[in-house]
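The primary structure of each chain is shown beneath.
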Amino acid sequence: MEPGLAPAHSPGAPPLLLLLLLLLLCPASRTARAAASLAALRRGRLPGPAVGGIPARISIPKGALLRAVPDRAERRTGLSSGSRSSSLGGFPPRRLLRQEQSSRKMMPTKSCCLLVLCVVLPSSYAHTDFFTSIGHMTDLINTEKDLVTSLKDYIKAEESKLEQIKKWAEKLDKLTDTATKDPEGFLGHPVNAFKLMKRLNTEWSELENLVLKDMSDGFISNMTIQRQYFPNDEDQTGAAKALLRLQDTYNLDTDTISKGNLPGVKHKTFLTAEDCFELGKIAYTEADYYHTELWMEQALKQLDDGEVSPSIGKVSVLDYLSYAVYQQGDLEKAVMLTKRLLELDSEHQRANGNMKYFEYIMEKEKEKEANKSIAQTDGQTDKENKTQKRGPAKDYLPERQKYEMLCRGEGLKMTPRRQKKLFCRYYDGNGNPRYILGPVKQEDEWDRPRIVRFVEIISDEEIETVKELAKPRLRRATISNPITGVLETAHYRISKSAWLSGYENPVVARINARIQDLTGLDVSTAEELQVANYGVGGQYEPHYDFARKDEPDAFKELGTGNRIATWLFYMSDVAAGGATVFPEVGASVWPRKGTAVFWYNLFPSGEGDYSTRHAACPVLVGNKWVSNKWIHERGQEFRRPCSLSESD
């Protein structure tokens, strides 16, 4: 429950040192190839033993269902898994190895270059879970821009080289045309004879060197340096899962997401059929056949509508789609899709095997239905046993439906009688001298538990200062394992966080003082200011801020008691999504830049208020920055006296 700092990764060798070692230890002609080979090694793309497929999770007769399973290489390259193959079991068919063969050819003959580079570069590049923070992902935009600039420089160099070769060709074309018409007369001129000797002995060699000159050294070296800051497979998978999460939370269909028709978007974009196919494959590897079907159908629809994809075809899509549909119990549709696949590729081994198995299953079901029709007088069959319920997988979160409704703004509506008790006011911090002449705006967001919002409570300048201080320290947000107490990352908390102390910067100290003045609570025993930035579809599912009775040691090391209250700053507007919701009571608090919300986690008796269970909804569109202060019990004995009643 208690967030903490994620372990930092080694940042890698300094780029300048890397370049010097490349240039000093490797011949110029091999620098780019050494860098490319190293890059291939870092990504694990050099040839290795073939990996077989994963068997289907069902018991089947001989020659029956074969499951399409993408391997690591196929997930990266998008190679077809639906083409013809002699592979048996669930092996991905027709695995093209051109890229691997190219990598093998690029291995330098002098191994010292790679050896030194492998020593200089760490075994793990400085990867920081990019998908968990939009703020950190913005750095990738600059990285890609730098690579585009480097690529354009390479193109210019190649164009300049070709222009020189072209001028040579044009000049010599005219010269040889004249010479071949009267060779003896042409060579009768001693200058022509001399120049012919000179051209063939010297100038053609220079031209050969120009043709062989590798202009890609600078680009490849830059790629090698920048690659240490690239996202990896985990980031791509995390971003894909975020899209699936947004799809479910906000009831979005695949066509809406594919066309980029999301609320509040500034830069509209769309998904290609290949993108949809990749989303379906990622769901498939998680055995999430519900989303596999949705996204494979979207990919197929776009291909049917005429979209041309250089890397995937309908056979590949139908291969995955038919199996996903079968796994959800729709045998008839699986048969229909498999027949369509065989119309496109009649020799597809897996599809032929699956077709035989489907026919076998259908025959067995017909026999069962015939036997039941004899035994049952009403002629009804138990179809519920024949198919499974189609839909998302069983959820571990009991209040999922209520939580997602609140995120969509469809939650419980407060009765008019209760709404009349909510007010907005000018608040002076219960007579605090700093706010008597300049009170702050305060709004009631909810009555039970009481949630109040402070308006225009943090300035844009203060927000930027806090973000600048926090951004270099952002690490993947963690939770405390309730059993082991170990801090660990969790799929239900997608964000990065950093901690700021008051002594580091006067702005942070001023913010801490402001919280103390307005809450009337002592912040000297509070935790440091935590700054959080949410990632793609960033969220934090329903949780409590305070330690429950089954977690007596949650804050033992701090020695400051339980978390009595929470103060939460919204440091950005969010175009869509990103609300703070309280599923137990049906409250939704929407982000507004420059405001803050405050609530008590504990009753005056010290008992936990379970109605404060809350969540940060997934960010649909935009970039969400927040900062919060967890205030603890110690020091509040006379500021918020205890009550004898547990419910007070």
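Here the structure is a predicted model, which is why all the values come from computation and not from measurement.

1. Description of the overall build of the protein chain
Inference 1: Counting its secondary structure elements, the protein chain contains 21 helices and 17 strands.
Inference 2: Counting only residues that meet the buried cut, the protein chain has 46% of its 648 residues in that class.
Inference 3: Partitioning the contacts of the protein chain with sequence separation of at least 6, the portion at a separation of at least 24 is 76%.
Inference 4: A total of about 34300 Å² of accessible surface is found on the protein chain, and carbon and sulfur atoms cover 55% of it.

2. Concerning the packing of aromatic side chains
Inference 1: Taken as a whole and judged by the stated rule, the model has 21 aromatic pairs.
Inference 2: Both rings, one in Tyr284 and one in Tyr289, keep their centres 5.9 Å apart while their planes meet at 80 degrees; by these two values the pair is edge-to-face.
Inference 3: Among the residues examined, Tyr284 registers a relative accessible area of 1% and is labelled buried.
Inference 4: Using a relative accessible area of 10% as the deciding quantity, one classes Tyr289 as buried.
Inference 5: Through pairs of rings, three or more aromatic residues link up here, namely Phe277, Tyr284, Tyr289, Tyr320, Tyr323, Tyr326, Tyr357, Phe358 and Tyr360.
Inference 6: One residue, Lys171, lies across the ring of Trp168, its end atom 4.7 Å from the ring centre.

3. With respect to the side chain of Arg514
Inference 1: Take Arg514: it is sitting in helix α21 (residues 506-519).
Inference 2: Overall, the relative accessible area of 13% leaves Arg514 in the buried class.
Inference 3: In this structure, Arg514 is in contact with Tyr435, Ile457, Ile458 and Glu462, ignoring residues within four places of it in sequence.

4. A look at a negative patch on the surface
Inference 1: Side chains of Glu163, Glu170, Asp173 and Asp177 sit close together on the surface and give a patch of like negative charge.
Inference 2: For Glu163, the location among the structural elements is in helix α6 (residues 134-181).
Inference 3: Its relative accessible area of 39% is what places Glu163 among the partly exposed residues.

5. Details of the nonpolar core
The nonpolar side chains of a soluble globular protein tend to be buried, and buried together.
Inference 1: Membership of the largest hydrophobic core comes to 52 residues, with the highest contact counts inside it found for Val317 and Val581.
Inference 2: Taken together, the elements giving at least two residues each to this core come down to α10 (233-249), α12 (273-285), α13 (289-304), α14 (314-327), α15 (331-344), α16 (349-375), α17 (400-407) and β16 (619-621).
Inference 3: The element contributing the most residues to this core is α14, with nine residues.
Inference 4: The contacts of Val581, once residues within four sequence positions are left out, are Tyr403, Leu406, Cys407, Ala587, Ser588, Arg613, His614, Ala615 and Cys617.
Inference 5: Residues Val523, Tyr544, Met571 and Trp625 belong to the second largest nonpolar core, which totals 35 residues.

6. Quick word on unusual backbone geometry
Inference 1: Here Arg448 and Pro449 are connected by a cis peptide whose omega angle stands at 0 degrees.
Inference 2: Looking at where Pro449 falls in the secondary structure, it is placed in the loop between β2 (440-446) and β3 (451-455).
Inference 3: Residues other than glycine seldom take positive phi values, yet Asn251 does so here, at roughly 50 degrees.
Inference 4: Checked against the element boundaries, Asn251 lands in the loop between α10 and α11 (254-258).
Inference 5: A relative accessible area of 54% places Asn251 in the exposed class.
Inference 6: The phi dihedral of Asn430 is positive, around 55 degrees, even though this residue is not glycine.
Inference 7: Note on placement: Asn430 falls in the loop between β1 (424-427) and α19 (433-436).

7. Some thoughts on the packing of α12 against α14
Inference 1: Taken N-terminus to C-terminus, the directions of α12 and α14 make an angle of 35 degrees; their axes are 11 Å apart at the nearest point. Viewed along their axes, α12 and α14 form a crossing whose handedness is left-handed. Here Phe277, Lys281 and Tyr284 of α12 lie close against α14, whose contacting residues are Ser316, Val317, Tyr320 and Tyr323.
Inference 2: Class assignment of the residues belonging to the contact of α12 with α14 gives a composition of five nonpolar, one polar and one charged.

8. Some words on the sheet that holds strand β7 (residues 495-500)
Inference 1: In space, the nine strands of this open sheet follow the order β1-β2-β3-β14-β10-β17-β8-β7-β4, with antiparallel pairing throughout. Two strands in the sheet have a free side with no partner beyond their single neighbour: β1 and β4 (475-476).
Inference 2: Relative to strand β14 (residues 595-600), strand β10 (residues 563-570) runs antiparallel, the two sharing six bridges. By the bridge assignment for β14, Phe569 is matched with Ala596.
Inference 3: The strands touched by α6 are β7, β8 (529-534) and β17 (625-632); relative to β8, the strand with the most contacts, the crossing angle is about 55 degrees.

9. Focus on the sheet that holds strand β13 (residues 587-589)
Inference 1: Pairing is antiparallel in the open sheet, where four strands are placed in the order β9-β15-β12-β13. Here the strands that pair on one side only, and so sit at the sheet edges, are β9 (540-543) and β13. Averaged over neighbouring strand pairs, the angle between their axes works out to 15 degrees when direction is ignored.
Inference 2: Sheet analysis places β9 next to strand β15 (residues 614-616), joined by two bridges and oriented antiparallel. Opposite His543, over in β15, you have His614 as the bridge partner.
Inference 3: Running over the sheet, α17 touches β9, β12 (580-582), β13 and β15 and is turned about 140 degrees from β12.

10. Notes on helix α8 (residues 190-212)
Inference 1: End to end, α8 covers 32 Å across 23 residues, agreeing with the expected 33 Å (1.5 Å per residue, within 8%).
Inference 2: At Arg199, α8 shows its largest kink, close to 45 degrees.
Inference 3: Looking at the packing, one finds that the buried side of α8 touches α6.

11. Section: the pairing of β14
The side chains of a regular strand alternate, first on one face of the sheet and then on the other.
Inference 1: Where burial is concerned, most of β14 is hidden: five out of the six residues are buried.
Inference 2: When β3 meets β14, the two strands line up antiparallel, connected through three bridges. For Arg453, the partnering residue across the bridge sits in β14 and is Val597.

12. What to know about the environment of Leu602
Inference 1: With respect to the secondary-structure elements, Leu602 resides in the loop between β14 and β15.
Inference 2: Taking the relative accessible area as the measure of exposure, Leu602 reaches 3% and is therefore buried.
Inference 3: Distance from Leu602 to Ala547, taken between C-alpha atoms, is 9.9 Å for residues 55 residues apart in sequence.
Inference 4: Every residue in contact with Leu602, bar those within four places of it in the chain, is listed here: Phe546, Asn562, Arg563, Ile564, Glu607, Gly608, Asp609, Glu633 and Arg640.

13. Observations concerning the confidence of the model for the protein chain
Inference 1: With 75% of its residues at a pLDDT of 70 or more, the protein chain shows a mean pLDDT of 80.
Inference 2: Confidence over residues 1-64 falls short of pLDDT 50; this stretch has 145 contacts with residues more than four positions distant or in other chains.
Inference 3: Here residues 379-389 scores under 50 on pLDDT; set against residues more than four positions off or in separate chains, the count is ten contacts.

Calculation rules
- Residues numbered from 1 in each chain as written.
- Predicted model: local features only at pLDDT ≥ 70, side-chain atom pairs only at ≥ 80, totals over all residues.
- Heavy atoms only, no water.
- Helix = DSSP H or I, 4+ residues; strand = E, 2+ residues; numbered from the N terminus.
- Buried < 20%, exposed > 50% of the residue type's maximum accessible area, 1.4 Å probe, protein only.
- Contact = heavy atoms within 4.5 Å.
- Areas by Shrake-Rupley, 256 points an atom, 1.4 Å probe, with all protein chains shown as cover.
- Phe/Tyr/Trp six-rings, centres within 6.5 Å; stacked < 30°, edge-to-face > 60°.
- Lys NZ or Arg CZ within 6 Å of the ring centre and 35° of its normal.
- Patch = residues over 30% accessible without salt bridge, like charges linked within 9 Å, V, L, I, M, F, W, Y side chains within 5 Å.
- Salt bridge = Lys/Arg side-chain N within 4 Å of Asp/Glu carboxyl O.
- Lys, Arg positive; Asp, Glu negative; His and termini not counted.
- Charge placed at Lys NZ, Arg CZ, Asp CG, Glu CD.
- Core = buried A, V, L, I, M, F, W, Y, C linked by side-chain atoms within 4.5 Å.
- Axes fitted to C-alpha atoms, helices over the stretch in contact; angles between N-to-C directions.
- Left-handed = near helix turned anticlockwise from the far one by under 90°.
- Nonpolar A, V, L, I, M, F, W, Y, C, P; charged D, E, K, R; others polar.
- Pairing = 2+ DSSP bridges.
- Expected span 1.5 Å × (residues − 1).
- Bend = angle between axes of the 7 residues up to and from the residue.
- pLDDT = per-residue confidence, 0-100.

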